[in-house]
Amino acid sequence: MNPVSGHGTTCTWGTATFLLTSVSVQSGSGGGNEIDMTSMSSMTRVDPDNTGKRLVKRDIDSAFDGEGDVSLSIDFFLEPWMVTSKTTSAVGLKKQLRLIFPANDRGLGEGFKIESKAVLTQMSLGVGVGEFVSGSATFRLSGD
């Protein structure tokens, strides 16, 4: 038996390359095919009851249906380039994602590969005393 090594797995999203500690790919979760992308830049309309409030229109992106419904979760070490105020504001953005598992037990070559536009749906950072800062992120592949 020659199990494939995780060493050499790479993940990029847009121009960001992550120093991975773990990866999980979920497929066919049946969680529906909509991603809510409503944000501060979403369109608004005036409240018809004249309350002076503005109502925000939901922005929806579509993902694959059924068995093609794919999300990807990664854990990573925080690198200096990530330490900006823009790190957490990236949630909700859609960029090209590329995940490549190695082809063999030595972590070499290209084996299983995912290439698709993906929306960053969650990001968190944390640290313990005397440890490196680590993070986690979840992406949802879009139908683009």
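Residues numbered from 1 in each chain as written. Predicted model: local features only at pLDDT ≥ 70, side-chain atom pairs only at ≥ 80, totals over all residues. Heavy atoms only, no water.

On to the sheet that holds strand E11 (residues 134–141). Judged by pairing direction, the sheet is antiparallel, and its 7 strands sit side by side in the order E2-E1-E9-E10-E11-E8-E3 without closing on themselves. Edge positions in the sheet fall to strand E2 (16–17) and strand E3 (19–27), since each of these pairs with one other strand and no more. Here strand E10 (residues 113–126) runs beside E11; their pairing, made up of 8 bridges, is antiparallel. Bridged to serine 124 within E11 is serine 136. (Pairing = 2+ DSSP bridges. Helix = DSSP H or I, 4+ residues; strand = E, 2+ residues; numbered from the N terminus.)

What follows deals with the environment of leucine 78. Its location among the elements puts leucine 78 in the loop between strand E8 (70–77) and strand E9 (94–100). A residue is classified by how much of its surface remains accessible, and leucine 78, at 23% relative accessible area, is partly exposed. For the pair leucine 78 and valine 133, spaced 55 residues apart in sequence, the C-alpha separation works out to 5.5 Å. (Buried < 20%, exposed > 50% of the residue type's maximum accessible area, 1.4 Å probe, protein only.)

Tallied over the full model, the rule gives 2 salt bridges. Glutamate 115 is the partner of arginine 98 in a salt bridge, and the nearest nitrogen-oxygen pair spans 3.3 Å. Taken together, the residues span a long stretch of sequence, with arginine 98 in strand E9 and glutamate 115 in strand E10 at a distance of 17 residues. Since its relative accessible area comes to 46%, glutamate 115 is described here as partly exposed. Measuring nitrogen to oxygen at the nearest pair gives 3.6 Å for the salt bridge that ties glutamate 115 to lysine 113. (Salt bridge = Lys/Arg side-chain N within 4 Å of Asp/Glu carboxyl O.)

Summarising the sheet, E3 and E8 pair through 8 bridges and their orientation is antiparallel. By the bridge assignment for E8, valine 23 is matched with isoleucine 74. As paired elements, E8 and E11 share 7 bridges and run antiparallel to each other. Residue leucine 72 lies in a different strand from E11, and its bridge partner there is phenylalanine 139.

A few words on a nonpolar patch on the surface. Residues Leu19, Phe77 and Phe132 make up a contiguous nonpolar surface patch of roughly 330 Å² in combined accessible area. Within the secondary structure layout, phenylalanine 132 lies in the loop between E10 and E11. What makes phenylalanine 132 exposed here is its relative accessible area of 67%. (Patch = residues over 30% accessible without salt bridge, like charges linked within 9 Å, V, L, I, M, F, W, Y side chains within 5 Å. Areas by Shrake-Rupley, 256 points an atom, 1.4 Å probe, with all protein chains shown as cover.)

With that settled, consider the side chain of serine 136. Summarising the element assignment, serine 136 is placed in strand E11. Its relative accessible area of 18% is what places serine 136 among the buried residues. A distance of 2.7 Å separates a polar atom in the side chain of serine 136 from a polar atom in the side chain of serine 124. Those residues within four positions of serine 136 in sequence are excluded, and the remaining contacts are Ile74, Asp75, Phe76, Gln122, Met123 and Ser124. (Polar contact = N/O pair within 3.5 Å; in protein donor to acceptor, adjacent residues only side chain to side chain. Contact = heavy atoms within 4.5 Å.)

Here we come to the nonpolar core. Counting residues in hydrophobic clusters, the biggest one holds 18 residues, and the most contacted among them are Trp13, Phe18, Ile74, Leu97, Leu120 and Phe139. Looking at this core, the elements with two or more residues in it are strand E1 (10–13), E8, E9, E10 and E11. Residue contacts for tryptophan 13: discarding those within four places in its chain leaves Phe18, Ala90, Leu93, Lys94, Lys95, Gln96, Leu97, Ala118, Leu120 and Phe139. (Core = buried A, V, L, I, M, F, W, Y, C linked by side-chain atoms within 4.5 Å.)

Here we take up the packing of aromatic side chains. To describe a pair of aromatic rings, one takes the distance between the centres and the angle between the planes. Scanning the model with the defined rule gives 5 aromatic pairs in all. Ring geometry for tryptophan 13 against phenylalanine 139: centres 5.4 Å apart, planes inclined by 50°, an arrangement best described as tilted. One end of the pair, tryptophan 13, is in strand E1; the other, phenylalanine 139, is in strand E11, with 126 residues separating them in the sequence. The exposure class assigned to tryptophan 13 is buried, which follows from its relative accessible area of 4%. (Phe/Tyr/Trp six-rings, centres within 6.5 Å; stacked < 30°, edge-to-face > 60°.)

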